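# Report on the structure
Now for the letters of each chain:
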Amino acid sequence: MLKRSFDLLTALFVALLLLPIFVVIYILVALVLGRPVFFKQQRPGLHGRIFTMYKFRSMRDAFDSEGNPLPDAQRLGKFGRLLRSTSLDELPEVWNVIRGDMSLVGPRPLLVEYLPLYDSRQARRHDVRPGVTGWAQVNGRNAISWEQKFELDVWYVENQSFLLDLKILWLTAIKVLKREDVTAQGEVTTHKFTGNK
């Protein structure tokens, strides 16, 4: 109850505080990338229940001669990279927190297609609500392997506390300000999880 109350009150405060920034980003995305402004995708949440996650769109529409979307690296321009490296693309997830789909802190919600690929330990990441940020996010995020991410996620599930959440939020703020949210190769996206070795 403490975690949910903190999530709700903080998300409402952030939504009101950052409303002007939200409006500016909305307009910029519409002008630079066009519509739709929001990126919506089905993600698994608590106990694997599916919900719709909202983000600001960061990639342009670009297709090859056969009509297939180009790779992320070719669709993600300077504006999209800026949104992702500053985590501004994730502002709409505040709505998911208010709705109760997500928490401020928890394992990041990944793709639905990954669900059957987890082993029993990795699946424990769904024992809690997914988060806007999490223990794996402040300990390497895209620069570490999937196995390391999942182990950090499960560690959080087994050791979660209000003080740990505050620590993660503080570390997240520092990383966002330093714009450390990239892979070892300098990218802001990561390769897909294809299962355990």
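Let me sum up the structure you'll find in this document. Every value quoted in this text rests on a predicted model; they were computed, and no experiment measured them.

Conventions we followed
Residue indices begin from 1 for each chain and proceed along its sequence in written order. Confidence filtering applies because this is a predicted model: local features only for residues at pLDDT of at least 70, side-chain atom pairs given and counted only at 80 or more, and all residues used for totals across whole chains, interfaces and linings. Derived side-chain values reflect all non-hydrogen atoms in the structure, with water molecules and hydrogen atoms excluded from consideration. To qualify as a helix, a DSSP run of H or I must reach at least 4 residues; to qualify as a strand, a run of E must reach at least 2; elements of each kind are numbered from the N terminus. Buried means the residue's accessible area, taken with a 1.4 Å probe over protein chains only, is under 20% of the maximum for its type, while exposed means over 50%, and partly exposed covers the values in between. The contact rule is simple, with two residues in contact once any of their heavy atoms fall within 4.5 Å. Note: two strands are recorded as paired if DSSP finds a minimum of 2 bridges between them. N or O atoms closer than or at 3.5 Å make up a polar contact, with two conditions inside protein: a donor-capable atom paired with an acceptor-capable one, and, for residues adjacent in sequence, both atoms drawn from side chains. By nonpolar core is meant a set of buried Ala, Val, Leu, Ile, Met, Phe, Trp, Tyr and Cys residues that side-chain atoms within 4.5 Å join together.

Turning next to the side chain of Asp 165. The residue Asp 165 is located in helix H7 (residues 162-178) in this model. Residue Asp 165 is classed as buried on the basis of its relative accessible area of 6%.

Moving on, we get to the side chain of Lys 55. Tracing the backbone shows Lys 55 in strand S2 (residues 50-56). Among the residues examined, Lys 55 registers a relative accessible area of 12% and is labelled buried. Setting aside residues up to four positions removed in sequence, Lys 55 forms contacts with Val 37, Phe 38, Phe 39, Asp 89, Glu 90, Pro 92, Glu 93 and Arg 108.

In this structure, strand S1 (residues 38-44) lies alongside S2, joined through 7 bridges in antiparallel fashion. Bridge pairing in S2 places Pro 44 opposite Ile 50. Between S1 and S2, which pair antiparallel and follow one another directly, the connecting turn spans 5 residues, one of which, His 47, has a positive phi of 60°.

Looking now at the environment of Asn 196. Along the chain, Asn 196 falls in the segment after H7. Asn 196 sits 79 residues away from Leu 117 along the chain, and the two C-alpha atoms are 7.2 Å apart. Here the side chain of Asn 196 touches Leu 117 through a polar contact of 3.2 Å, landing on its backbone oxygen. Reaching out from Asn 196, the side chain makes a polar contact with the side chain of Gln 122 at a distance of 2.6 Å.

It is worth spelling out the nonpolar core at this point. Grouped together as the largest cluster of nonpolar side chains are 18 residues, with contacts concentrated most on Trp 135, Tyr 156 and Ile 168. Among the elements of the structure, S2, helix H5 (93-99), strand S3 (103-105), helix H6 (146-159) and H7 are those that each provide at least two residues to this core. In terms of residues, this core owes the most to one element, H6, which gives 3 residues. Formed by 8 residues, the second largest nonpolar core is a distinct cluster that contains Leu 33, Val 37, Phe 56 and Leu 83.

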